[in-house]
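Tertiary structure, described
Chain by chain, the residues:
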Amino acid sequence: MSTQTLQLTEPLIDYLHKFGLREHPIQAQLRILTSKHARSVMQISPEQGQFMGMLAKLINAKQCIEIGTFTGYSALSVALNLPKDGKLIACDISSDYTDLAKPYWKQAGVDQIIDLNIAPASETLSRLITEGRENSFDMAFIDADKTGYDTYYELCLKLIRPGGLILIDNVLWSGHVAEATAIDEDTIALKALNKKIHQDDRVDMMILPISDGLSLIVKR
């Protein structure tokens, strides 16, 4: 027994993937494709994808938001757990990555569920607010430019319903958030946001030590 989170060795990660992961065949294909990409480090882990999909299922999510889609694995992980009349608003600024995702979304039968918006996420989220979509979404996942996280968080708080979830990726930032000497703008932005959310009485929150750190936030 331990009072701290277990450190994952490579053999233990392999065991976790073998016995703790149920991955759709199309998910696996997309993950393997992305692993060969020059920017594969931007891909979430399969266990995180499964966790996000299970959260969507647990809260009976129907309307979701994703900020930062990359090659589409996280969007696929959530969309596979939405009802046929559900919708995932996916936001990205470049079609270079998302074009890789589209054939896999189609093969998995979720291409009609995922509404891809190629534009600055703040513009897409602001448009949804203007359209009267406040308090209508069940879950949001933020995984884009770190200096924009605070803006995305505030916009998502308006769009997510009370009791809905906001997930924020990379909040431990390879451990740099705990380093007093780390002064790059991404680390500074993440430190500030982590502190802000910890003190935010609009939400309940925790940071999960999964992958690169995942904030799990429930809107009150």
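Residues numbered from 1 in each chain as written. Predicted model: local features only at pLDDT ≥ 70, side-chain atom pairs only at ≥ 80, totals over all residues. Heavy atoms only, no water.

For the chain, the count of helices and strands is 8 helices and 7 strands. Its C-alpha atoms give the chain a radius of gyration of 17 Å, near enough to 17 Å, the size a compact globule of 220 residues would have. Along the longest, intermediate and shortest principal axes, the C-alpha atoms of the chain span 45 × 40 × 35 Å. The proportion of buried residues among the 220 residues of the chain is 46%. Contacts in the chain between residues far apart in sequence, at least 24 positions, make up 70% of those at least 6 positions apart. When the accessible surface of the chain is summed, it comes to about 11500 Å², and 55% of that surface belongs to carbon and sulfur atoms. (Helix = DSSP H or I, 4+ residues; strand = E, 2+ residues; numbered from the N terminus. Rg over C-alpha atoms; globule rule 2.2 N^0.38 Å. Buried < 20%, exposed > 50% of the residue type's maximum accessible area, 1.4 Å probe, protein only. Contact = heavy atoms within 4.5 Å. Areas by Shrake-Rupley, 256 points an atom, 1.4 Å probe, with all protein chains shown as cover.)

This part is about the packing of helix H7 (residues 149-159) against helix H8 (residues 185-198). Running from N to C, H7 and H8 cross one another at 30°; their axes reach a closest spacing of 9 Å. One way to sum up the angle between H7 and H8 is to call them roughly parallel. Along its contact with H7, which presents Tyr149, Asp150, Tyr153 and Glu154, the element H8 presents Leu190, Leu193, Lys196 and Ile197. A per-class count over the contact of H7 with H8 returns 5 nonpolar, no polar and 3 charged. (Axes fitted to C-alpha atoms, helices over the stretch in contact; angles between N-to-C directions. Parallel < 35°, antiparallel > 145°, perpendicular 65-115°, else oblique. Nonpolar A, V, L, I, M, F, W, Y, C, P; charged D, E, K, R; others polar.)

Attention now goes to the packing of aromatic side chains. All told, the structure shown has 2 aromatic pairs when counted by the stated rule. Relative to Tyr97, the ring of Phe70 has its centre 5.0 Å away and its plane inclined at 70°; by these criteria the two rings are edge-to-face. Taken together, the residues span a long stretch of sequence, with Phe70 in the loop between strand E1 (63-67) and helix H4 (73-79) and Tyr97 in helix H5 (residues 95-107) at a distance of 27 residues. An identical accessibility class is assigned to Phe70 and Tyr97; each is buried. (Phe/Tyr/Trp six-rings, centres within 6.5 Å; stacked < 30°, edge-to-face > 60°.)

As a volume, the second largest pocket reaches approximately 310 Å³. It is helix H3 (residues 46-58) that contributes the most residues to the lining of the second largest pocket, 6 residues altogether. Grouping the constituent residues of the lining of the second largest pocket by class yields 5 nonpolar, 6 polar and 3 charged. (1 Å grid on protein atoms, 1.4 Å probe; cavity = no way out; pocket = protein on both sides within 12 Å on 5 of 7 lines; lining within 4 Å. Points joined across faces, edges and corners; volume = space filled by probe spheres on them.)

This part is about the sheet that holds E1. Adjacent strands of a sheet form backbone hydrogen bonds with each other and so pair up, either parallel or antiparallel. The strand order across the open sheet built from 7 strands is E3-E2-E1-E4-E5-E7-E6, with neighbouring strands paired in mixed fashion. Edge positions in the sheet fall to strand E3 (114-118) and strand E6 (203-208), since each has one partner strand and no second. Direction aside, neighbouring strands of the sheet carry axes that sit 15° apart on average. Against the sheet, helix H6 (residues 121-130) touches E1, strand E2 (87-92), E3 and strand E4 (137-142), its axis set at about 145° to E2. (Pairing = 2+ DSSP bridges.)

What follows is about unusual backbone geometry. A positive phi angle is found at Asn170, which is not glycine, with a value near 65°. Inspection of the secondary structure puts Asn170 in the loop between strand E5 (160-169) and H8. Overall, the relative accessible area of 12% leaves Asn170 in the buried class. In this model, Ser174 sits at a positive phi of 55°, which is unusual for a non-glycine residue. By relative accessible area, which is 58% here, Ser174 ends up exposed.

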